[in-house]
Amino acid sequence: MPLFKVRGESSGALQSAARRAGLALREDELRRIAEELGRDPTLVEVYAFDAQWSEHCSYKSSRRHLRKLPTSGPTVVLGPGQDSGIVHLGEHAGERYGVVVAHESHNHPSQVVPFEGAATGIGGIVRDVLCMGAEVIGVADPLRFGNVDEADSHQRYVATTVVDGIAAYGNAIGVPNLAGDVFFDEGFNENCLVNVVAFGLVKESQIIHSKAPPGSAGWDVVLVGKATDASGFGGASFSSLALDAEDAEANKGAVQVPDPFLKNVIMRASYRVFEYLRERNITAGFKDLGAGGIMGCTAELCAAGGFGAIVDLDDVSTAQAGLPPFVIAIGETQERLAWVLPPEATPDVLRIYNEEFSLPNVARGACAAVIGAVQTEPRYVMRSGNEVVMDVPIDFLTGTIHDELTYEIEAPRTRDDGEAFLSGFDVAETFERVLAHRDVASREPLYREYDAVVRGTTVLPRGCAAAGVIAPIPGSTLGLAVSVAGNPRYGRCSARYAAEAAVVEAVNRIVCVGARPTGLTDCLNFGNPQRTEHFSQFVAAVDGLAEAASVLQVPFVSGNVSLYNESKGGGAVPASPIVGALGTIDDVSRVVTPAFKRDGAALYYIGRARTAIGGSVVAGVLGVEDRLPPLDLEEQARIVTAMLAAIDDGLIAAAHPVTSGGILTAVAAMGFATLRSRPMGAALDDPSPWCGSESATVEAFFAEGHGIVVEATSEDRFLQTMQEQGAPASRIGEVSARAELHLLSADFQAYARFPLDRLHDAWSAPLREVYG
């Protein structure tokens, strides 16, 4: 087997050789590998370390900071560390059920080849959930795109084609899209963010782990799925480097090719294997083939169980003859999974995949086959032909490699309300511009491509409420609510504040449908960690996530780090901590929706009214600057508790979180939700009494203060509950039978009227232009 020469090479020669080979390994890492092995590595070995020691696989610069996140609690069934996390959903018919959740990014691939990159992002995250023994029940897609104003721009092509890829894959595998969001910012012109989340359902007694079980030495390693090809080779390293537009064509080879129809069959065949193993009480290990391909998956699967492995590359089904061993070993061909099975179960599992579900007839070369074995000796060995092409200590390959990077503590930002900057502007002149802003406008033109009801379990489809809700267990009233959040406008101002706000918004969205938050998942998207500025943002964001989750008492159970989201020119994306939240509902018939219910009912803002507009849409629309709104996490925790208590007592008829666009936009959205049934609007009082300022009327309506607007069913009892829980609440108006919003001055005369249909037209148009 050819060697990659390291020992005795000069620094310049070694770095040049690494560049020619397409390696992301640094010189010091290459020399460390050669020193540990006592020889020069083979080509298979050097590419294996290139994948396993990439930031994407090893978390070498981020791992120690991620330990700050709270990951335990009464709802946690399985925290971070395996392919997915699991939170408790509830009990039904004597069984405890868990929700499996995984969160990933497919940013670089989606920028280079948008359709395939986004589609394979969905494919990969679905496999992560499947491998825990779960039935896949939903996906979500937080997206960030560049400026799409120009119809023929690459940014618009990326924005539309990514959505096409997500829709094509998700719809084909029969999994509903439950939640998501999208922001457009020139900071994402050269690096879009395509984050994907998947959810699964599993009985807690039937979880399968992504590691070789105890006592599994000598067991079979079985590869399932698509025939291995050259697509996706170097994907892990590609995701750990800055993007260069000049390398776009070359980078396309690092992007995998999706096959959702094959995946659909593999999923159903795997469900049948789950059933077979459970009937016979057989323990097994199961893991997705993602970064690092066969090598990455089987090495991690066996190392996690405390074993080594021997893999025969000649037994791998390939799509073409003559693939070099390093491509077969490390290439990231899609639609593949690996089992660790006791030999007595292997023939039946192979029969299920190959005969009962006919994988070889679904796609050429697709199959399930034994490719190796678990071994007691802690070494990872690969053979090709009559030659050993890889033989390394498995813990050295998969163990924690650590980079100690420089960072600075983010300077505290003043979070007190600022001066009123908008006194010269009129609400009526500003409101429609805010509603038509692409960060506020209706996302329906985007998500209408997604099937939201395909499994027949959907209670609240995406776009109908602040969070998506499904009833995943047949015959049970238990519900699962899911949401995502993360505002890049805050990220431009303060990474820590953006992270705290993402947790708060994601949780508020869950609470607004009547669900109790049970878990969080995150994807941390930042620039080059070798740059102090960017790594400092990352560390600040982790600190913000940790504090917010701890105060709100909602643990993180899974997540992902995506670094190097920048161009070769050094332009990085805005700091983008993106958070997903899960919540449980005991009875889905009691979900809360945003639509107004009763003429004359009181509207309340839960939270402390703010007038600072830093990071808000209105500040961007009007070209002004201000301080960020204060974010009191202890107060936010009281708001969550008060909301849930009021909902349990039937005191809240409708709810909507205050996010992009502020209070007035939230109220408008509650009105828009009535337009398909009985249109209703609202009369909003002069804000001076409830915002504490006679000169900050516009700011009060448009400040994004992290509170919640609700329609109360009984004012006295509602206010008593708020007081008991220590949550501030201000009466801001009432529901009106007239399909309009009208704003009242201090003498209760209308000074601005907005017909709902006109507002809805302004809100609906912007993304329709982009997504047709």
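These figures come from a predicted structure and were not determined experimentally.

A separate point is the overall build of the chain. For the chain, the count of helices and strands is 28 helices and 26 strands. In summary, the chain has a C-alpha radius of gyration of 27 Å against a globular reference of 28 Å for 772 residues, a match within 12%. Considered along the principal axes of its C-alpha atoms, the chain spans approximately 90 × 60 × 45 Å. Residue burial in the chain is summarised as follows: out of 772 residues, 65% are buried. Contacts in the chain between residues far apart in sequence, at least 24 positions, make up 83% of those at least 6 positions apart. Roughly 26600 Å² of accessible area belongs to the chain as shown, and the carbon and sulfur atoms make up 46% of that amount.

Counting 78 residues, the largest nonpolar core has F538 and M643 as its most contacted members. Element by element, the count of residues in this core is highest for helix 20 (residues 495-512), at 13 residues. If sequence neighbours within four positions are ignored, M643 has contacts with V511, C512, I606, I652, A655, I708, V710 and M722. Formed by 67 residues, the second largest nonpolar core is a distinct cluster that contains V163, V273, I352 and A366.

The next point concerns the packing of aromatic side chains. With the rule as written, the count across this model stands at 17 aromatic pairs. Where F49 meets W53, the ring centres are 5.1 Å apart and the plane angle is 75°; that geometry is what we call edge-to-face. Each member of the pair F49 and W53 is classed as buried. Measuring from centroid to centroid gives 5.8 Å for F526 and F538, while their planes differ by 90°, and the two rings are edge-to-face. Of this pair, F526 sits in the loop between strand 17 (516-525) and helix 21 (532-552) while F538 sits in helix 21, placing them twelve residues apart in sequence. The pair F526 / F538 is uniform in exposure class, with both members buried. Joined through ring pairs, the aromatic side chains of Y271, F274, F286 and W339 make up one cluster.

Next up on the list: the packing of helix 20 against helix 23 (residues 633-648). Axis angle and axis distance: for two packed helices, these are the angle between their axes and the distance between the axes, and together they describe the pair. Interhelical geometry of helix 20 versus helix 23 gives an angle of 5° and a closest axis separation of 10 Å. Accordingly, the angle class assigned to the pair helix 20 and helix 23 is roughly parallel. Two secondary-structure elements touch here, helix 20 through E500, V504, V507, N508, V511 and C512 and helix 23 through L633, Q636, V640, M643, L644 and I647. Looking at the contact of helix 20 with helix 23, its residues break down into nine nonpolar, two polar and one charged.

As a further point, take helix 20. The first and last C-alpha atoms of helix 20 sit 26 Å apart over 18 residues, in line with the 26 Å expected at 1.5 Å per residue. Taken across its 18 residues, helix 20 has 17 buried, putting it largely inside the fold. Remark: G514 follows helix 20 within two positions and exhibits a positive phi of approximately 95°.

One pass over the full model with this rule turns up six cavities of 30 Å³ or more. Counted as a void, the largest cavity has a volume near 120 Å³. Lining the largest cavity are 15 residues, and of these Y490, A501, E505, T659 and H706 sit closest to its centre. By residue class, the composition of the lining of the largest cavity is seven nonpolar, six polar and two charged.

Right, let's talk about the sheet that holds strand 15 (residues 468-470) for a bit. Reading across the sheet, the six strands line up as 14-15-16-19-17-18 and stay open at both edges, with mixed pairing between neighbours. Lying at the two open borders of the sheet, with one neighbouring strand each, are strand 14 (458-460) and strand 18 (556-562). Each strand of the sheet is rotated relative to its neighbour by a mean of 20°, with strand direction disregarded. Here strand 16 (residues 479-485) runs beside strand 19 (residues 576-585); their pairing, made up of seven bridges, is antiparallel. Across the sheet, the residue bridging to A485 is V579, located in strand 19. Sheet strands touched by helix 20: strand 16, strand 17, strand 18 and strand 19. Its angle to strand 19, the strand with the most contacts, is close to 20°.

Another point: unusual backbone geometry. Within the chain, A93 stands out as a residue other than glycine whose phi angle is a positive 50°. Positionally, A93 belongs in the loop between strand 2 (85-92) and strand 3 (95-105). Although it is not a glycine, Q553 sits at a positive phi angle of roughly 60°. Locating Q553 in the fold gives a position in the loop between helix 21 and strand 18. Relative accessible area serves as the criterion here: at 69%, Q553 is assigned to the exposed category.

Here we take up the pairing of strand 22 (residues 681-684). Side chains on a regular strand alternate between the two faces of the sheet. What you see with strand 22 is no split at all: G681 and A683 on one side and A682 and L684 on the other are buried throughout. Where strand 22 meets strand 25 (residues 740-744), three bridges bridge the pair, whose relative direction is parallel. Pairing of L684 across the sheet is with L743, part of strand 25.

With respect to the helices, strands and loops of the structure, S558 is situated in strand 18. A distance of 2.9 Å separates polar atoms of two side chains, one belonging to S558 and the other to T521. The residues touching S558, leaving out its near neighbours within four places in the chain, are P80, G85, V101, A102, H103, L520, T521 and D522.

For the rest of this paragraph, the subject is the sheet that holds strand 7 (residues 220-225). Spatial strand order, 8-10-7-11-9-12-13: seven strands in an open sheet with mixed pairing. The outermost strands of the open sheet, each flanked by one partner alone, are strand 8 (285-288) and strand 13 (387-393). Averaged over neighbouring strand pairs, the angle between their axes works out to 20° when direction is ignored. Bridge count for strand 7 against strand 10 (residues 336-341) is six bridges, and the pairing is antiparallel. Within the sheet, the bridge partner assigned to V222 lies in strand 10 and is W339.

Within the secondary structure, G38 sits in the loop between helix 2 (27-37) and helix 3 (43-52). C-alpha of G38 to C-alpha of G73: the two residues are 35 residues apart in sequence and 45 Å apart in space.

What counts as what
- Residues numbered from 1 in each chain as written.
- Predicted model: local features only at pLDDT ≥ 70, side-chain atom pairs only at ≥ 80, totals over all residues.
- Heavy atoms only, no water.
- Helix = DSSP H or I, 4+ residues; strand = E, 2+ residues; numbered from the N terminus.
- Rg over C-alpha atoms; globule rule 2.2 N^0.38 Å.
- Buried < 20%, exposed > 50% of the residue type's maximum accessible area, 1.4 Å probe, protein only.
- Contact = heavy atoms within 4.5 Å.
- Areas by Shrake-Rupley, 256 points an atom, 1.4 Å probe, with all protein chains shown as cover.
- Core = buried A, V, L, I, M, F, W, Y, C linked by side-chain atoms within 4.5 Å.
- Phe/Tyr/Trp six-rings, centres within 6.5 Å; stacked < 30°, edge-to-face > 60°.
- Axes fitted to C-alpha atoms, helices over the stretch in contact; angles between N-to-C directions.
- Parallel < 35°, antiparallel > 145°, perpendicular 65-115°, else oblique.
- Nonpolar A, V, L, I, M, F, W, Y, C, P; charged D, E, K, R; others polar.
- Expected span 1.5 Å × (residues − 1).
- 1 Å grid on protein atoms, 1.4 Å probe; cavity = no way out; pocket = protein on both sides within 12 Å on 5 of 7 lines; lining within 4 Å.
- Points joined across faces, edges and corners; volume = space filled by probe spheres on them.
- Pairing = 2+ DSSP bridges.
- Polar contact = N/O pair within 3.5 Å; in protein donor to acceptor, adjacent residues only side chain to side chain.

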